[in-house]
Amino acid sequence: MTTAQTQELDVQPTPLALLLLGREADPRSERGVECPGDLPSPSDPDLVARARAAKERLGDKVFVLGHHYQRDEVIQFADVTGDSFKLAREAAARPEAEYIVFCGVHFMAESADILTSDDQKVVLPDLAAGCSMADMATAEQVAECWDVLTEAGVAERVVPVSYMNSSADIKAFTGRHGGTICTSSNAQRALEWAFQQGEKVLFLPDQHLGRNTAVRDMGMSPEDCVVYNPHRPNGGLTTQELRDARMILWRGHCSVHGRFSLDSVKDVRERIPGVRVLVHPECRHEVVAAADEVGSTEYIIKALEAAPAGSKWAIGTELNLVRRLANRFAPEGKEVVFLDRTVCFCSTMNRIDLPHLVWALESLADGNTVNRIEVDKETEAFAKLALERMLALP
């Protein structure tokens, strides 16, 4: 239905409808989603050829990054694939590339902008490609949390540790308050460092990675952890609970990894005798406890590479990656299945499709910079400080 037809019917699009259409902004999010320009039709049979031609026209001026969770139709054009931090560092290692096209989500493009030079332009093909987890912690909410910690008399003993899957504003908050960033691969090292600096950790924004690292990897008790809910007064916690806790976990989670359950693990073991369950540490604690192995996306890939022929694996992470791994290792006699019976793609990762990529590449080839992601200098400085503390971890 066109806008004119909508007006004739006196029907006003809702904010959610506008957001899904790639227009307006989510008031609960720190990102806008306006995407100017006309996209090619997704039914255009020449999309692959158009993307290839635009990339060839740009030559060394463009460097395309593809996160593991991207669609196959997009990942085929990536110069490098990997997790968010690996990709940001790869971008920084290509100073000759004028344009960094990040096929991922908003916080990843921000990290690339922070780590690349001022002369480089980071482009996100669809500005609506956000991250529900990152959006669960806004700058205003985290500032209010710090006020609560201050009033409880514990802020000076708290060191913030923020997951890479967070906005530039949250990374900057972390840098301002003496904290560090972590990835799913080095979360334990980051927490060990933080506890050398202070008595408590405020872990943002994924409660599951924080809890799994503290309890599973570092031997803490579940009672050492409390969950701060930004939607409740004082985070839903008493002053005494804040004073007693060692880990103050932000009430955030990944919408994909959070859907795996203990029933998923039990079900796959019954269906596939001898299967090994390998999950990402963003999964719930009971799922991680029931799994055979736990690790980041890079860990998952390496584990399957090293697995013997004939082995069977149920993987608890985003479906695009699991399907790609299943196809890759099938010729080697390795069976790879999705942990849950229900198909679940990351909806925001899937916003980057071939029409958006073609539009971005053709625009750049024509000399028009679109959807540039820029982090302001003050935010960049403090966010980079937090990232540099992570890079300095032993």
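The structure this text deals with has already been given above.
Let me begin by describing the structure that accompanies this report.

Calculation rules
- Residues numbered from 1 in each chain as written.
- Predicted model: local features only at pLDDT ≥ 70, side-chain atom pairs only at ≥ 80, totals over all residues.
- Heavy atoms only, no water.
- Buried < 20%, exposed > 50% of the residue type's maximum accessible area, 1.4 Å probe, protein only.
- Helix = DSSP H or I, 4+ residues; strand = E, 2+ residues; numbered from the N terminus.
- Arc of directions from axis to C-beta.
- Contact = heavy atoms within 4.5 Å.
- Pairing = 2+ DSSP bridges.
- Core = buried A, V, L, I, M, F, W, Y, C linked by side-chain atoms within 4.5 Å.
- Phe/Tyr/Trp six-rings, centres within 6.5 Å; stacked < 30°, edge-to-face > 60°.
- Salt bridge = Lys/Arg side-chain N within 4 Å of Asp/Glu carboxyl O.

Topic: helix α12 (residues 262-271)
- Burial in α12 covers these residues: S264, V265 and V268. Viewed end-on, α12 has its buried residues packed into an arc of 100°, placing them on one side of the element. α12 presents D263 and E270 as exposed residues on the side facing more than 90 degrees away from its buried surface.
- Where the residues of α12 are buried, they touch β10 (276-279), α13 (285-290), β12 (312-316) and β13 (335-338).

Overview of the pairing of strand β1 (residues 62-67)
- Taken across its six residues, β1 has six buried, putting it largely inside the fold.
- Because side chains alternate across β1, one face comprises the buried residues V62, V64 and G66, and the other comprises F63, L65 and H67, equally buried.
- Bridging between β1 and strand β3 (residues 99-103) involves five bridges; their strand directions are parallel. Looking at β3, one finds that L65 is bridged to F102.
- Relative to strand β2 (residues 80-82), β1 runs parallel, the two sharing three bridges.

Description of the nonpolar core
- Residues V101, F203, M247, V279, L339 and L361 are the most contacted members of the largest nonpolar core, which totals 112 residues.
- Per-element accounting of this core gives the leading share, seven residues, to helix α16 (residues 354-365).
- Core analysis: the next-biggest nonpolar cluster, separate from the first, contains 21 residues, A137, L149, L202 and L204 among them.

Re the packing of aromatic side chains
- Enumeration over the complete set of coordinates arrives at three aromatic pairs.
- A ring pair is formed by W146 and F173, whose centres lie 5.6 Å apart and whose planes are at 80°; its orientation type is edge-to-face. Pair noted here: W146 is in helix α7 (residues 139-151) and F173 is in helix α8 (residues 168-176), with a separation of 27 residues, a long-range link.
- A relative accessible area of 13% means that W146 is categorised as buried.
- Residue F173 is classed as buried on the basis of its relative accessible area of 8%.
- A centroid spacing of 5.3 Å and a plane angle of 25° characterise the contact between Y228 and W250, whose relative ring orientation is stacked. Pair noted here: Y228 is in strand β8 (residues 225-228) and W250 is in strand β9 (residues 247-250), with a separation of 22 residues, a long-range link.

So, the pattern of salt bridges
- Scanning all chains against the criterion turns up 21 salt bridges.
- E98 is the salt-bridge partner of K121, the closest N and O atoms lying 3.7 Å from each other. Here E98 lies in the loop between α5 (84-92) and β3 and K121 lies in strand β4 (residues 121-123), a separation of 23 residues in the sequence.
- E98 sits in the partly exposed class, given a relative accessible area of 27%.
- One salt bridge connects R341 with D267, and the closest N-O pair in it is separated by 3.0 Å. Here R341, found in the loop between β13 and α16, pairs with D267, found in helix α12; they are 74 residues apart in sequence, far enough to count as distant.
- What makes R341 exposed here is its relative accessible area of 58%.

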